[in-house]
Amino acid sequence: MDKYLQIENVGMTFEKRGVRFEALRDIGLAVKQGEFVSLIGHSGCGKSTLLNLVAGLLRPSDGFLLLANKEISGPGPERGVVFQNHSLLPWLTCAGNVHLAVERVFGASESKAELALRTRKALELVGLAHAADKHPEEISGGMKQRVGIARALAMEPKVLLLDEPFGALDALTRANLQDELMAIVAKTGSTVVMVTHDVDEAVLLSDRIVMMTNGPAATIGGVLEVDIPKPRERLALATNPRYIDCRREVLEFLYQRQAKKAA
Ligand SMILES: Nc1ncnc2c1ncn2[C@@H]1O[C@H](COP(=O)(O)OP(=O)(O)O)[C@@H](O)[C@H]1O
Ligand SMILES: [Mg+2]
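Residues numbered from 1 in each chain as written. Chains lettered and ligands numbered in written order. Predicted model: local features only at pLDDT ≥ 70, side-chain atom pairs only at ≥ 80, totals over all residues. Heavy atoms only, no water.

**Q** Give a detailed account of the overall build of the protein chain, specifying residues and quantitative values.
**A** Looking only at helices and strands, one finds eight helices and ten strands in the protein chain. In terms of overall dimensions, the protein chain is globule-like: its C-alpha atoms have a radius of gyration of 19 Å, near the 18 Å expected for 263 residues. When each of the 263 residues of the protein chain is scored for burial, the buried share is 50%. By sequence separation, contacts in the protein chain at least 24 residues apart represent 68% of the contacts at least 6 residues apart. Total accessible area computed for the protein chain in this model is approximately 12,700 Å², and 52% of it derives from carbon and sulfur atoms. (Helix = DSSP H or I, 4+ residues; strand = E, 2+ residues; numbered from the N terminus. Rg over C-alpha atoms; globule rule 2.2 N^0.38 Å. Buried < 20%, exposed > 50% of the residue type's maximum accessible area, 1.4 Å probe, protein only. Contact = heavy atoms within 4.5 Å. Areas by Shrake-Rupley, 256 points an atom, 1.4 Å probe, with all protein chains shown as cover.)

The structure is reproduced here in structure tokens:
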């Protein structure tokens with residue numbers, strides 16, 4: 001489906017104590033089923049706002065959003081969200097955190113054993129079966145982020161929404177998780193919308209990179225097709241001329257065309 005996720009003329013104005021702030025204006029984007037799209041732009045340009053609109057956590061002030069031709073009017077199990085700061089419940093184990101999401105989506109239709117199996121499979125998928133019984137405070141940042149991804153994947157979402165999922169991690173952990181994410185998405189065929197401000201991450205993972213202008217009234221300044229065949233291999237990419245071109249194009253957008261208000 002060419003227009004699986006449709007964002008049509010979307011605008012978002014926040015209103016706080018009578019003060020209006022126009023964060024997004026006239027956003028138009030269509031995402032194909034199975035496509036991996038990144039949203040990139042400077043801090044504060046409205047990336048999270050746009051992702052939250054797709055998640056159904058915010059309603060647009062203008063325009064509309066459709067998923068498989070149905071209006072997005074709230075959060076739904078077909079859209080799994082991973083936030084930047086691993087939002088795990090501290091009083092539950094890793095398995096407990098994943099199980100909660102599994103129960104919410106499949107609890108009415110499946111047996112206890114089936115739910116437990118889903119939870120275990122999701123933790124295995126992110127390489128965390130061994131940490132199932134640990135609490136969030138007992139595991140590293142990278143592992144917490146993995147649990148967040150497992151929780152989203154366990155819901156078998158059609159669309160995975162990632163808000164700077166690796167932003168808070170060191171470079172090595174980040175690279176490992178990017179590789180894992182590539183493998184998981186190749187296996188599940190999920191449609192992905194990922195917010196990032198990391199140019200290399202965007203080029204490595206994406207089919208298309210949506211480049212956002214600075215706010216207020218941020219909009220889409222350009223869309224770059226990353227026509228590098230998949231699976232992609234981190235080391236081989238370093239010398240791939242197309243990779244270098246894509247990277248330069250995004251860097252030019254961010255640091256020349258959108259440079260002035262970069263904070
Ligand atoms: N609930 C809100 N109320 C008022 N302003 C908001 C709200 N959420 C975000 N904003 C503003 O909208 C702009 C975009 O924010 P955000 O989407 O978080 O940017 P990004 O994720 O690109 O860093 C910022 O100027 C931010 O201050
Ligand atoms: Mg953000």
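**Q** Describe the pairing of strand S9 (residues 208-212), with residues and values.
**A** Counting buried positions along S9 gives five out of five residues, so the element sits mostly inside the fold. Burial of the side chains of S9 extends over both faces: Arg-208, Val-210 and Met-212 are buried on one face and Ile-209 and Met-211 on the other. The pairing of strand S3 (residues 36-40) with S9 spans four bridges and is parallel. Note on S9: the bridge partner recorded for Leu-39 is Val-210. Pairing geometry for S9 and strand S10 (residues 220-225), over five bridges, is antiparallel. Paired with Ile-209 across the strands is Leu-224, a residue of S10. (Pairing = 2+ DSSP bridges.)

**Q** Which residues make up helix H3 (residues 112-125), and what values do they have?
**A** An ideal rise of 1.5 Å per residue puts 20 Å on 14 residues; H3 measures up with 20 Å between its terminal C-alpha atoms. Within H3, burial applies to Leu-115, Thr-119, Ala-122 and Leu-123. For H3, the arc enclosing every buried residue in end-on projection is 100°, short of the 170-degree limit, so these residues lie on one face. At its buried positions, H3 is contacted by helix H2 (94-106) and helix H4 (141-154). (Expected span 1.5 Å × (residues − 1). Arc of directions from axis to C-beta.)

**Q** Any chance you could break down unusual backbone geometry for me, citing the residues and the numbers?
**A** Omega for the bond connecting Gly-215 with Pro-216 falls within 30 degrees of zero, at -5°, which places this linkage in the cis form. Position of Pro-216 relative to the elements: it lies in the loop between S9 and S10. Cis peptide bonds are those with omega within 30 degrees of zero, and the linkage from Lys-230 to Pro-231 qualifies with 0°. Tracing the backbone through its elements, the reader meets Pro-231 in the loop between S10 and helix H7 (234-237). In this structure, Ala-68 is a non-glycine residue whose phi angle is positive, near 50°. Note that Ala-68 resides in the loop between strand S4 (62-67) and strand S5 (70-71). In this model, Glu-156 sits at a positive phi of 45°, which is unusual for a non-glycine residue. What makes Glu-156 exposed here is its relative accessible area of 53%.

**Q** If you had to explain the sheet that holds S10 to someone new, which residues and values would you point to?
**A** Within a sheet, adjacent strands bond to each other through the backbone by hydrogen bonds, running parallel or antiparallel. With mixed pairing, six strands are arranged side by side in an open sheet as S6-S7-S8-S3-S9-S10. The sheet terminates laterally at strand S6 (79-82) and S10, the two strands that pair on one side only. The mean inter-strand angle of the sheet, taken between neighbouring strand axes irrespective of direction, is 15°. Contacts between H4 and the sheet are confined to S6 and strand S7 (159-163), with S6 contributing the most and set at about 175° to the helix. (Axes fitted to C-alpha atoms, helices over the stretch in contact; angles between N-to-C directions.)

**Q** Please give an account of the side chain of Ser-206 that cites residues and values.
**A** As for its placement among the helices and strands, Ser-206 is situated in the loop between helix H6 (199-205) and S9. The contact partners of Ser-206, leaving out residues within four places of it in the chain, are Phe-36, Ser-38, Val-226 and Arg-232.

**Q** Give me the lowdown on the environment of Met-211, citing residues and values where you can.
**A** Its location among the elements puts Met-211 in strand S9. Beyond its immediate stretch of four places on either side in the chain, Met-211 contacts Ile-40, Thr-219, Ile-220, Gly-221, Gly-222, Val-223, Leu-224, Glu-249, Val-250 and Phe-253.

**Q** Requested: an account of the site of ligand 1, with residues and values cited.
**A** Around ligand 1 sit Phe-14, Lys-16, Phe-21, Ala-23, His-42, Ser-43, Gly-44, Cys-45, Gly-46, Lys-47, Ser-48 and Thr-49, and those are all the residues in its vicinity. For ligand 1, an oxygen atom lies 2.7 Å from a polar atom in the backbone of Gly-44. Here an oxygen atom of ligand 1 and a backbone polar atom of Cys-45 are 3.2 Å apart. Contact with the protein chains hides 63% of the accessible area of ligand 1, taken as 560 Å² for the molecule alone. (Near = heavy atom within 4 Å. Polar contact = N/O pair within 3.5 Å; in protein donor to acceptor, adjacent residues only side chain to side chain.)

**Q** Any details on the packing of aromatic side chains? Residues and values, ideally.
**A** Inspection of the entire model under this criterion finds zero aromatic pairs. We note Arg-118 situated over the ring of Phe-106; from NZ or CZ to the ring centre the distance is 3.6 Å. (Phe/Tyr/Trp six-rings, centres within 6.5 Å; stacked < 30°, edge-to-face > 60°. Lys NZ or Arg CZ within 6 Å of the ring centre and 35° of its normal.)

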